[in-house]
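The residues making up each chain are set out below.
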Amino acid sequence: MPGGRLTQQERQQIALGLADGLAYAEIARRLDRPTSTVTREVMRNGGPTAYRADLAHRATERRTQRRRPTPPRGPEVLPQAYGRDADAVREYQEVFTTVMMASGMPTMMSRVLACLVITDTGSLTAAELVQRLQVSPASVSKAITFLEGQGMVRRDRDERRRERYVVDDDIMYRSMMASAQAIAHIVGIAQQGVGVLGPGTPAGARLENIARFLDFVSESTARAAEQARAVLHTKPGPSASTTEEEAGPGQAPAMSTKRE
C-alpha cells in the first residue's frame, strides 16, 4: 500500500470518483489507499460536493510550506485489548472523527467523542484525553462542554474523586432527545413569528407551515427514540440465535431486552 502525501494525479482520481458517485471506500480501493486518507482529503478540501483536485493540491502545498520542522506529534498509540490491531483501531478512530465532522460537529468535539466511544470503559479523565489526543486541557474542556450540551457525554466521579467524562449505552438516545427538544424550540420561535407577521400573510403562512412540519418531526423523533431505547440495552440471549428462516416470513428474530 503506498504511503506519503497524495499526488495530484490521485487527487484527480478522487475528484472523478466523487463525480461518479463512488463511495470513499471504493475510491480508496482504486487508489490502494486507506479509506480514512480519502475521507480526510475530501472533508479537508470542501467536502464531496465542492472538492476540486487542483485547489486541494495547492492548499496542501501551502500548508506544507507553512509548517515548521517539529518532531512528529500525534495521538498516543496505546496497547490494545482483545487482540485488536492498533493501526486498524487508530484508522477507525480517524474515520469516525471525520464522519462526525461531516455531520456538522466541530473538529475537536468529534475527536473527543471518537476517543471516548472506542474505549471499552466508555469513560476517560481530562488528563487521559489530553494524553491520547495530544491537545491542550482547554481544548478538551471546551469539547466536553459542547458534547455535554448535546446530551452525548455526562460527567462522573471515580473512586479517587477524579472527574470522568462518560459515554454509555444511552448516548444516542440522549442525543436524539436533545435534538427533538432543539427542534421543538424552533417550532415555538416559528409560531411566534406567525403572530408577529400575521397568519394571513405569505411570510406568516410560511412560518406556520415550518412550525407544523417541525412539530411533527420533533414529536416523531422523541417517540421513535423512546420506542427504540430498548435496542441500546439489548443483550444476546438464547432467543437471539433465532434466524429469519426460523422465525418465518414477516417475523423478526427475537431479542432479549433485559436492562443492565
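About the criteria used
Residues numbered from 1 in each chain as written. Predicted model: local features only at pLDDT ≥ 70, side-chain atom pairs only at ≥ 80, totals over all residues. Heavy atoms only, no water. Pairing = 2+ DSSP bridges. Helix = DSSP H or I, 4+ residues; strand = E, 2+ residues; numbered from the N terminus. Axes fitted to C-alpha atoms, helices over the stretch in contact; angles between N-to-C directions. Salt bridge = Lys/Arg side-chain N within 4 Å of Asp/Glu carboxyl O. pLDDT = per-residue confidence, 0-100. Contact = heavy atoms within 4.5 Å. Phe/Tyr/Trp six-rings, centres within 6.5 Å; stacked < 30°, edge-to-face > 60°. Lys NZ or Arg CZ within 6 Å of the ring centre and 35° of its normal. Buried < 20%, exposed > 50% of the residue type's maximum accessible area, 1.4 Å probe, protein only. Parallel < 35°, antiparallel > 145°, perpendicular 65-115°, else oblique. Left-handed = near helix turned anticlockwise from the far one by under 90°. Core = buried A, V, L, I, M, F, W, Y, C linked by side-chain atoms within 4.5 Å. Expected span 1.5 Å × (residues − 1). Arc of directions from axis to C-beta.

1. Concerning the sheet that holds strand β2 (residues 154-157)
If you trace the 3 strands from one edge of the open sheet to the other, you get β1-β3-β2, paired in antiparallel fashion. Only two strands of the sheet have a single neighbouring strand rather than two, namely β1 (123-125) and β2. For this sheet the average axis-to-axis angle between neighbouring strands, irrespective of direction, equals 35 degrees. Note: β2 against strand β3 (residues 163-166), 4 bridges, orientation antiparallel. Along β3, the bridge assignment pairs arginine 155 with tyrosine 165.

2. Examining the pattern of salt bridges
Within this structure, the stated rule accounts for 15 salt bridges. For glutamate 148, the salt bridge is made with arginine 155, and the minimal N-O distance between the two is 2.9 Å. A single salt-bridge network, built from bridges that share partners, covers Arg154, Asp156, Asp168 and Arg174.

3. Topic: the confidence of the model for the chain
Detailed reading of the predicted coordinates is not advisable wherever pLDDT falls low. Of the residues in the chain, 83% reach a pLDDT of 70 or more, and the chain-wide mean stands at 82. Mean pLDDT values for the elements of the chain range from 42 in helix α11 (residues 244-247) up to 95 in helix α10 (residues 202-228). Low pLDDT (under 50) marks residues 239-260, which in the prediction has 24 contacts with non-local residues, meaning those over four places away or in another chain.

4. Focus: the packing of aromatic side chains
For the structure shown, the criterion picks out 1 aromatic pair. When the ring centre of tyrosine 173 is taken as origin, the NZ or CZ atom of arginine 229, which lies over that ring, is 4.0 Å away.

5. Digging into unusual backbone geometry
The residue aspartate 32 is not glycine, and still its phi comes out positive at about 60 degrees. Relative to the assigned elements, aspartate 32 resides in the loop between α2 (24-31) and α3 (35-44). Its relative accessible area of 40% is what places aspartate 32 among the partly exposed residues. Even without being a glycine, glutamine 134 presents a positive backbone phi close to 55 degrees. Mapping glutamine 134 onto the fold places it in the loop between α7 (126-133) and α8 (137-149).

6. Section: the packing of α7 against α8
Contact geometry for α7 and α8: axes closest at 9 Å, N-to-C directions at 115 degrees. For the element pair α7 / α8, the angle class is roughly perpendicular. When you trace α7 past α8, the crossing you get is right-handed. Side by side, α7 and α8 meet where Ala126, Leu129 and Val130 of the first sit next to Pro137, Val140 and Ile144 of the second.

7. As for the environment of histidine 57
Structurally, histidine 57 is set in helix α4 (residues 53-66). Taking the relative accessible area as the measure of exposure, histidine 57 reaches 16% and is therefore buried. Along the chain, histidine 57 and threonine 7 lie 50 residues apart, while their C-alpha atoms are 7.8 Å from each other. Leave out the neighbours within four places in its chain, and histidine 57 touches Leu6, Thr7, Gln8 and Arg11.

8. Here's the deal with the nonpolar core
Residues Val112, Leu113, Leu116, Leu129, Ile144 and Leu147 are the most contacted members of the largest nonpolar core, which totals 23 residues. Every element with two or more residues in this core is listed here: α5 (86-102), α6 (107-117), α7 and α8. Ignoring anything within four residues of it in the chain, the contact list for isoleucine 144 reads Val112, Leu116, Leu129, Val153, Arg155 and Tyr165. Within the second largest apolar cluster, 10 residues are counted, among which are Ala28, Val38, Tyr51 and Ala56.

9. Some thoughts on helix α1 (residues 8-19)
Relative to the 16 Å expected for 12 residues at 1.5 Å per residue, α1 spans 17 Å between its end C-alpha atoms, a close match to the ideal helical length. For α1, the full list of buried residues reads Glu10, Arg11, Ile14, Gly17 and Leu18. Projected onto a plane normal to the axis of α1, the buried residues spread over an arc of 115 degrees and lie on a single side. Exposed side of α1, more than 90 degrees from the buried face: Gln9, Leu16 and Ala19 are the residues found there.

10. Overview of the environment of tyrosine 173
When you line up the elements, tyrosine 173 lands in helix α9 (residues 171-197). The buried category is assigned to tyrosine 173, whose relative accessible area is 11%. Sequence separation of tyrosine 173 and alanine 222 is 49 residues, and the distance between their C-alpha atoms is 9.1 Å. Beyond its immediate sequence surroundings of up to four residues, tyrosine 173 is in contact with Ala225, Glu226, Arg229 and Leu232.

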